[in-house]
Amino acid sequence: MQTHKAKRVEIIIEAVMEKRLTDALESAGVTGFTVLPVRGGSGRSGAWSRAGQVSRAGGMSCVVCLIRPEKLDPLLEAAFKVVERHIGVVSVTDCDVLRAERF
């Protein structure tokens, strides 16, 4: 089966900033992404969990994008404008996809 080169971008950001991030991605030409809730983790500030929280204020979201390599720089520029002043992590990995016309 034929595969095509792509980039997988994962952005972990405060849940309250999710809409601002997805709006920025769409403005940068990103046509698709998936948003996942983040239940907990550990980082520079130590361990944290959404357990017992009643609002999105203390939560995090993960936005995942699969894009063509030539769309990476505009996506990262848009994402960084949102993430730079907030809690967030951006990672980029190489991947292969089927049905390249969807990306």
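Structure shown above.
Residues numbered from 1 in each chain as written. Predicted model: local features only at pLDDT ≥ 70, side-chain atom pairs only at ≥ 80, totals over all residues. Heavy atoms only, no water.

### Brief notes about the sheet that holds strand β2 (residues 34-38)
One open sheet holds the 4 strands; their spatial order is β2-β5-β1-β6, and the pairing between them is antiparallel. Strand pairing shows two members of the sheet lacking a second neighbour, β2 and β6 (88-97), which therefore form its edges. With direction set aside, neighbouring strand axes in the sheet form an average angle of 20°. In the sheet, strand β1 (residues 4-14) pairs with strand β5 (residues 60-67) via 8 bridges, with the strands oriented antiparallel. Within β5, the residue paired with E14 across the bridge is M60. Here helix α1 (residues 18-27) sits on the sheet and contacts β1, β2 and β5; the angle it forms with β5, its principal contact strand, is near 15°. (Pairing = 2+ DSSP bridges. Helix = DSSP H or I, 4+ residues; strand = E, 2+ residues; numbered from the N terminus. Axes fitted to C-alpha atoms, helices over the stretch in contact; angles between N-to-C directions. Contact = heavy atoms within 4.5 Å.)

### Focus on the packing of α1 against helix α2 (residues 72-83)
Packing of α1 against α2 brings their axes to within 9 Å, and their N-to-C directions diverge by 155°. It follows from the interaxial angle that α1 and α2 lie roughly antiparallel. Classified by chirality, the crossing of α2 by α1 is right-handed. Only L75, A78, A79 and V82 of α2 make contact with α1, whose side of the interface consists of R20, L21, A24 and L25. A breakdown of the residues in the contact of α1 with α2 according to their chemical character gives 7 nonpolar, no polar and 1 charged. (Parallel < 35°, antiparallel > 145°, perpendicular 65-115°, else oblique. Left-handed = near helix turned anticlockwise from the far one by under 90°. Nonpolar A, V, L, I, M, F, W, Y, C, P; charged D, E, K, R; others polar.)

### A short note on the nonpolar core
Most often, soluble globular proteins have nonpolar side chains that are buried together. Among the nonpolar cores identified, the biggest contains 17 residues, and V9, I11, L21, L25, C65 and L75 are the most heavily contacted of them. Counting residues per element, the ones that place at least two in this core are β1, α1, β5 and α2. Per-element accounting of this core gives the leading share, 6 residues, to α2. Setting aside residues no more than four positions away along its own chain, V9 makes contact with V63, V64, C65, I67, L72, L75, L76, V90, S91 and V92. (Core = buried A, V, L, I, M, F, W, Y, C linked by side-chain atoms within 4.5 Å. Buried < 20%, exposed > 50% of the residue type's maximum accessible area, 1.4 Å probe, protein only.)

### Quick word on the environment of V9
Note on placement: V9 falls in strand β1. Taking relative accessible area as the criterion, V9 reaches 0% and is therefore assigned buried. Between the alpha carbons of V9 and I67 there is a distance of 8.0 Å; along the sequence they are 58 residues apart.

### Describing the pattern of salt bridges
For the structure on display, the rule yields 4 salt bridges. The salt bridge involving R8 is made with E10; its shortest N-O contact spans 2.7 Å. Note on R8: relative accessible area 32%, which makes it partly exposed. The class of E10 is partly exposed, set by a relative accessible area of 27%. A salt bridge links K19 to D23; its shortest N-O distance comes to 2.8 Å. (Salt bridge = Lys/Arg side-chain N within 4 Å of Asp/Glu carboxyl O.)

Coordinates in, geometry out; function isn't part of it.
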